[in-house]
Amino acid sequence: MSGCAPAGSPPRFPLFVSLVGARCLVVGAGAVGRRRAEALASHGAVVRVVDPRAAEAWANGAAPGSVELVLRPFLPGDEESCSLAVAATSDRETNRLVGERCRAAGIPVSVADAPDECTFFFPALCETEDLSVGVVSRGGDHALVARVAEAIRGVIS
Ligand SMILES: C[C@@]1(CC(=O)O)C2=NC(=C\c3[nH]c(c(CCC(=O)O)c3CC(=O)O)Cc3[nH]c(c(CC(=O)O)c3CCC(=O)O)/C=C3\N/C(=C\2)[C@@H](CCC(=O)O)[C@]3(C)CC(=O)O)/[C@H]1CCC(=O)O
Ligand SMILES: NC(=O)c1ccc[n+]([C@@H]2O[C@H](COP(=O)([O-])OP(=O)(O)OC[C@H]3O[C@@H](n4cnc5c(N)ncnc54)[C@H](O)[C@@H]3O)[C@@H](O)[C@H]2O)c1
């Protein structure tokens, strides 16, 4: 799957929002889903993680208090009453379905294996008590994003 935006397409707009008290859905609790669930929770969201193996993701019981684990595969309807969603399973069809359901319901969704199905893009987070910087690429250069985020963290820390 190409991560490149079509030539000449506008850049992604950096939108900074409060997630305090917002219900967020994360489907898939592998490395990517777990990292994103923790990031959302640390920004005040109330996160529901749906994955039959989610308990393994926090095997030491260290899931943050505002993360609820639902130990089954995604079911259409899980997205209802959410303000934001992330599809990060290893199953392409599930990720596609989560994206489709959320887009139809007007819920911002990041689909971790398909930029074309995203309506928002999960940024690399660079933060201090005074600053929030988020980095995404224009297309699919994830290594560039990681490198620039590290450099920014070095500058603002
Ligand atoms: C910023 C960060 C946030 C986060 O994930 O927390 C993030 N990717 C990160 C890392 C990372 N990404 C990938 C690897 C594996 C190794 C490698 O390839 O390098 C690693 C390394 C790792 O995970 O450690 C591969 C990858 N990523 C995407 C695809 C699909 C595609 O492009 O087609 C594939 C191929 C998957 C495959 O083929 O299996 C898509 C997306 N990834 C995004 C965000 C969104 C837009 C941001 C952007 O412009 O990059 C976007 C578009 C969609 C979204 O919003 O979900 C985080 C850096 C955090 C940091 O450094 O602090
Ligand atoms: N940062 C990024 O953007 C990035 C980085 C690497 C990979 N990816 C993509 O993100 C996705 C997840 O990567 P990972 O490394 O976390 O994968 P992983 O294999 O570690 O975890 C995937 C999880 O999805 C769960 N799952 C599978 N089917 C499910 C279903 N129907 N409902 C709920 N949960 C289900 C599995 O139980 C598993 O826990 C992949 O599509 C991968 O291509 C994105």
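For clarity, every value in this text was computed on a predicted model and none was experimentally measured. (Residues numbered from 1 in each chain as written. Chains lettered and ligands numbered in written order. Predicted model: local features only at pLDDT ≥ 70, side-chain atom pairs only at ≥ 80, totals over all residues. Heavy atoms only, no water.)

Before we move on, can you summarise the packing of aromatic side chains with the specific residues and values?
Enumeration according to the criterion identifies one aromatic pair in this entry. In this arrangement the basic side chain of Arg12 is found over the ring face of Phe121, its NZ or CZ atom lying 3.8 Å from the centre. (Phe/Tyr/Trp six-rings, centres within 6.5 Å; stacked < 30°, edge-to-face > 60°. Lys NZ or Arg CZ within 6 Å of the ring centre and 35° of its normal.)

Let's hear about the site of ligand 2: which residues, and what values?
Around ligand 2, 21 residues are found, and the nearest of them are Ala31, Val32, Arg35, Asp51 and Phe74. Within the side chain of Arg35, a nitrogen or oxygen atom sits 3.0 Å from a nitrogen atom of ligand 2. Taking Thr89, its main chain carries an N or O atom lying 3.1 Å from an oxygen atom of ligand 2. About the coverage of ligand 2: the protein hides 66% of its 870 Å² of free accessible area. Those elements that provide at least two residues to the shell around ligand 2 are α1 (31-42) and α3 (92-105). The element contributing the most residues to the shell around ligand 2 is α1, with four residues. Split into classes, the residues belonging to the shell around ligand 2 amount to nine nonpolar, six polar and six charged. (Near = heavy atom within 4 Å. Polar contact = N/O pair within 3.5 Å; in protein donor to acceptor, adjacent residues only side chain to side chain. Areas by Shrake-Rupley, 256 points an atom, 1.4 Å probe, with all protein chains shown as cover. Helix = DSSP H or I, 4+ residues; strand = E, 2+ residues; numbered from the N terminus. Nonpolar A, V, L, I, M, F, W, Y, C, P; charged D, E, K, R; others polar.)

Requested: an account of unusual backbone geometry, with residues and values cited.
Not every positive phi belongs to a glycine, and Ser81 is a case in point at roughly 65°. Relative to the elements of secondary structure, Ser81 occurs in the loop between β3 (67-70) and β4 (84-87). The class for Ser81 is exposed, based on a relative accessible area of 53%. (Buried < 20%, exposed > 50% of the residue type's maximum accessible area, 1.4 Å probe, protein only.)

Please give an account of the sheet that holds strand β5 (residues 109-111) that cites residues and values.
The parallel open sheet is built from five strands, whose spatial order is β3-β2-β1-β4-β5. Edge strands, defined here as strands with exactly one partner in the open sheet, are β3 and β5. Strand-to-strand twist across the sheet, computed as the mean angle between neighbouring axes with direction ignored, equals 15°. Here strand β1 (residues 23-27) runs beside strand β2 (residues 46-50); their pairing, made up of five bridges, is parallel. Note on β2: the bridge partner recorded for Val27 is Val50. Together, β1, β4 and β5 form the strand contacts of α3, whose direction differs from that of β5 by roughly 160°. (Pairing = 2+ DSSP bridges. Axes fitted to C-alpha atoms, helices over the stretch in contact; angles between N-to-C directions. Contact = heavy atoms within 4.5 Å.)

Tell me about the domain arrangement of the chain, residues and numbers included.
Each domain of the chain was delimited in the assignment, giving domain 1 (23-122) and domain 2 (123-157). Here the C-alpha centroids of domain 1 and domain 2 sit 22 Å apart. At the junction of the two partners, domain 1 supplies four residues and domain 2 supplies five residues. When the two sides are added together, the surface that domain 1 and domain 2 hide from each other amounts to roughly 360 Å², 66% of it contributed by carbon and sulfur. (Domains from an automatic or database assignment. Buried area = accessible area lost by both parts, 1.4 Å probe.)

Let's hear about the site of ligand 1: which residues, and what values?
The local shell around ligand 1 holds 22 residues, among which Arg35, Arg36, Phe122, Ser137 and His142 are the closest. Within the side chain of His142, an N or O atom sits 2.8 Å from an oxygen atom of ligand 1. Arg153 places a side-chain nitrogen or oxygen 2.8 Å from an oxygen atom of ligand 1. Expressed as a share of its isolated accessible area of 1100 Å², the protein-covered part of ligand 1 is 65%. Where the shell around ligand 1 is concerned, the elements lending two or more residues are α1, β5 and α4 (142-156).

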